[in-house]
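# Coordinate analysis (summary)
What follows is each chain in one-letter form.
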Amino acid sequence: MEIGYFTMPSHPPECGLKEGNDWDLQVMRWLDELGYQEAWVGEHHTAPWEPNPTPDLLIAQALMQTKRLRIGPGGFLLPYHHPAELANRVAMLDHMSEGRLNFGVAASGLPSDWAMFNVDGMSGQNRDMTREALEIILKLWSEPAPFTHKGKYWTVTKPDTMFDFLKPHIKPLQAPHPPIGVAGLSKNSDTLKLAGERGFIPMSLNLNPAYVGSHWDSVEIGAAKTGRKPNRQDWRLVREVFVADTDEEAWKLSTGDMMGRMMHEYFLPLLGHFGFKDYLKHAPDVPDSDVTVEYCAKRNWIVGSPATVAEKIEKIYDEVGGFGVLLVFGFDYKHKAEAWHHSLSLLKNEVMPRLTHLGSAKKAA
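Cut-offs used in this document
Residues numbered from 1 in each chain as written. Predicted model: local features only at pLDDT ≥ 70, side-chain atom pairs only at ≥ 80, totals over all residues. Heavy atoms only, no water. UniProt positions renumbered as here; feature names shortened; annotations may be inferred. Buried < 20%, exposed > 50% of the residue type's maximum accessible area, 1.4 Å probe, protein only. Helix = DSSP H or I, 4+ residues; strand = E, 2+ residues; numbered from the N terminus. Pairing = 2+ DSSP bridges. Contact = heavy atoms within 4.5 Å. Expected span 1.5 Å × (residues − 1). Axes fitted to C-alpha atoms, helices over the stretch in contact; angles between N-to-C directions. Parallel < 35°, antiparallel > 145°, perpendicular 65-115°, else oblique. Left-handed = near helix turned anticlockwise from the far one by under 90°. Nonpolar A, V, L, I, M, F, W, Y, C, P; charged D, E, K, R; others polar. Polar contact = N/O pair within 3.5 Å; in protein donor to acceptor, adjacent residues only side chain to side chain. Phe/Tyr/Trp six-rings, centres within 6.5 Å; stacked < 30°, edge-to-face > 60°. Patch = residues over 30% accessible without salt bridge, like charges linked within 9 Å, V, L, I, M, F, W, Y side chains within 5 Å. Areas by Shrake-Rupley, 256 points an atom, 1.4 Å probe, with all protein chains shown as cover. Salt bridge = Lys/Arg side-chain N within 4 Å of Asp/Glu carboxyl O.

The chain goes by LLM class flavin-dependent oxidoreductase in an unreviewed UniProt entry, where it is assigned to Bradyrhizobium arachidis. Per UniProt, the comment on the chain under Sequence similarities (unreviewed entry) is "Belongs to the bacterial luciferase oxidoreductase family."

## So, the pairing of strand E8 (residues 180–184)
Counting buried positions over the five residues of E8 gives five, a clear majority of the element. Residues Ile180, Val182 and Gly184 of E8 are buried on one face, and the alternating residues Gly181 and Ala183, pointing to the opposite face, are buried as well. With three bridges joining them, strand E5 (residues 103–106) and E8 adopt parallel strand pairing. Across the sheet, valine 105 pairs through a bridge with valine 182, a residue of E8.

## Quick word on the side chain of glutamate 197
Looking at where glutamate 197 falls in the secondary structure, it is placed in helix H6 (residues 190–198). Taking relative accessible area as the criterion, glutamate 197 reaches 17% and is therefore assigned buried. In contact with glutamate 197, other than residues within four places in its own chain, are Arg131, Gly222, Ala223, Lys225, Thr226 and Arg228.

## Structural notes on helix H7 (residues 209–226)
Given a rise of 1.5 Å per residue, 18 residues ought to cover 26 Å, and the 27 Å separating the end C-alpha atoms of H7 matches this to within 8%. Residues Pro209, Tyr211, Val212, Ser214, His215, Trp216, Ser218, Val219, Gly222 and Ala223 constitute the buried set of H7. Where H7 is buried, its residues contact E8, H6, strand E9 (201–204), strand E10 (236–239), helix H10 (293–299) and helix H11 (306–320). Of the residues one or two after H7, glycine 227 is the one with positive phi, at around 75 degrees.

## Section: the UniProt feature "domain: Luciferase-like" (unreviewed entry) in the chain
In the numbering used here, UniProt assigns the feature "domain: Luciferase-like" (unreviewed entry) to residues 1–321. For residues 1–321, helix accounts for 45% and strand for 15%, while the C-alpha atoms at its two ends are 13 Å apart.

## Some points on the sheet that holds E5
One open sheet accounts for nine strands, arranged E3-E2-E1-E13-E10-E9-E8-E5-E4; its pairing is parallel. This sheet does not close on itself; its edge strands, each paired only once, are strand E3 (70–73) and strand E4 (76–77). Bridge count for E10 against strand E13 (residues 325–329) is four bridges, and the pairing is parallel. Each residue of the ladder has a partner; that of valine 238, found in E13, is leucine 327. Relative to the sheet, helix H5 (residues 125–142) contacts E5 and E8, its axis offset from that of E5 by approximately 150 degrees.

## Quick look at unusual backbone geometry
Cis geometry marks the peptide bond from methionine 8 to proline 9, where omega comes out at -15 degrees. The residue proline 9 is located in the loop between strand E1 (2–7) and helix H1 (17–34) in this model. In this model, asparagine 118 sits at a positive phi of 55 degrees, which is unusual for a non-glycine residue. Take asparagine 118: it is sitting in the loop between helix H4 (111–117) and H5. Take asparagine 118: its relative accessible area is 69%, and that puts it in the exposed class.

## Notes on the packing of helix H3 (residues 83–97) against H5
Where H3 meets H5, the closest approach of the two axes is 9 Å, and the angle between their N-to-C directions is 55 degrees. It follows that H3 is oblique to H5 by the angle criterion. Two packed elements cross with a definite hand, and for H3 against H5 that hand is right-handed. The segment H3 lies against H5, with Pro83, Ala84, Leu86, Ala87, Val90 and Ala91 engaging Ala133, Ile136, Ile137, Leu140 and Trp141. Of the residues in the contact of H3 with H5, the class split is 11 nonpolar, no polar and no charged.

## Observations regarding the side chain of asparagine 300
Counting through the fold element by element, asparagine 300 comes out in the loop between H10 and strand E12 (302–304). Residue classification places asparagine 300 among the buried positions, given a relative accessible area of 2%. Engagement of the side chain of asparagine 300 in a polar contact is seen with the backbone oxygen of leucine 280, the distance being 3.1 Å.

## Thoughts on the environment of tyrosine 36
With respect to the element layout, tyrosine 36 can be found in the loop between H1 and strand E2 (38–41). For tyrosine 36 and lysine 348, which are 312 residues apart along the polypeptide, the C-alpha to C-alpha distance reads 7.5 Å. Those residues in contact with tyrosine 36 that lie beyond four places of it in its chain are Ile3, Gly4, Leu31, Leu69, Val328, Leu344, Leu347 and Lys348. Engagement of the side chain of tyrosine 36 in a polar contact is seen with the backbone oxygen of leucine 344, the distance being 2.7 Å.

## Notes on the packing of aromatic side chains
Going through the model one piece at a time under the given rule, you end up with 12 aromatic pairs. Ring plane angle 50 degrees and centroid distance 5.4 Å describe the contact between tyrosine 317 and phenylalanine 323, whose orientation is recorded as tilted. In this structure tyrosine 317 comes out as buried when scored by relative accessible area, which is 1%. Members of the aromatic cluster, connected to one another through ring pairs, are Phe242, Phe329, Phe331, Tyr333 and Trp340.

## Some remarks on a nonpolar patch on the surface
Residues Met162, Phe163, Phe165 and Leu166 make up a contiguous nonpolar surface patch of roughly 490 Å² in combined accessible area. Its place among the elements puts phenylalanine 165 in the loop between strand E7 (155–158) and E8.

Put into structure tokens, the structure is as follows:
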């Protein structure tokens, strides 16, 4: 099993945009120094608790300040980008990364983002646009001959050579393209079916293990359409993680600090508006009113001493049937930077050595 990082990025609304960007860069430098495998950066346009509409700007800076860490958007919201423009931006970013770029894509799930870009997410238009945009991007990178793609949402032309020397020429450094990751939230996730169908990296967001287990079913359903055999080693699970020297200290630093505040002020109310609190429950008969910060910390989060955290990770691993990479959910702890760094360090140096026996199990579905 490997470990990585997934950040929305999450910052409290009073945090300045540059201030939040600087914290994210600091964390990525730590991840690189500690030997984490990868980091993913989200894109959102209308959420004050998730203030980053341009993950590639942060990624470009982070690539210059790290040496080994693979970094990518987690993901670009494809309905809001012209496919030809994004294909070129991602290809350029791949060259800047010297081949360390991951390319995460997503359909967008915030109604306020849909409204800003006039996308009818309630009808699933965002998912249709995501599939079409990705098809165009991959075709631009792989099809050598000129073509015109006339889709439902975009018409894109790859022109032939003009005036002797003007022609499309920008392709990614990694052949045929950077690894593609897609994140899924809901049960029977359409995006995770797409991951299985196309052989992309599936990423399950931070829900109760009872629901996350169904995510692999979605991957397998998609894979069956194209005759693929998905590998559980590719599956990423996003989890709230806080490791401290003792269980008591970890509980205080998580529920009693920024993790608890973000969940209380933003994430729980947001899921409540969508009717998604069920995804946080260990059993369907749990009342919505019982789904509190403390409930999530007890049932879904991975907090505690190194021994406790190792035990919890192994329990989740067994519950979902095995996965390949644990992605730590990013929070803004710049006011207690040493505690966050210590947590990341303990996870890498004290917890992961206790879990080496999991890496060889359940490699395929």
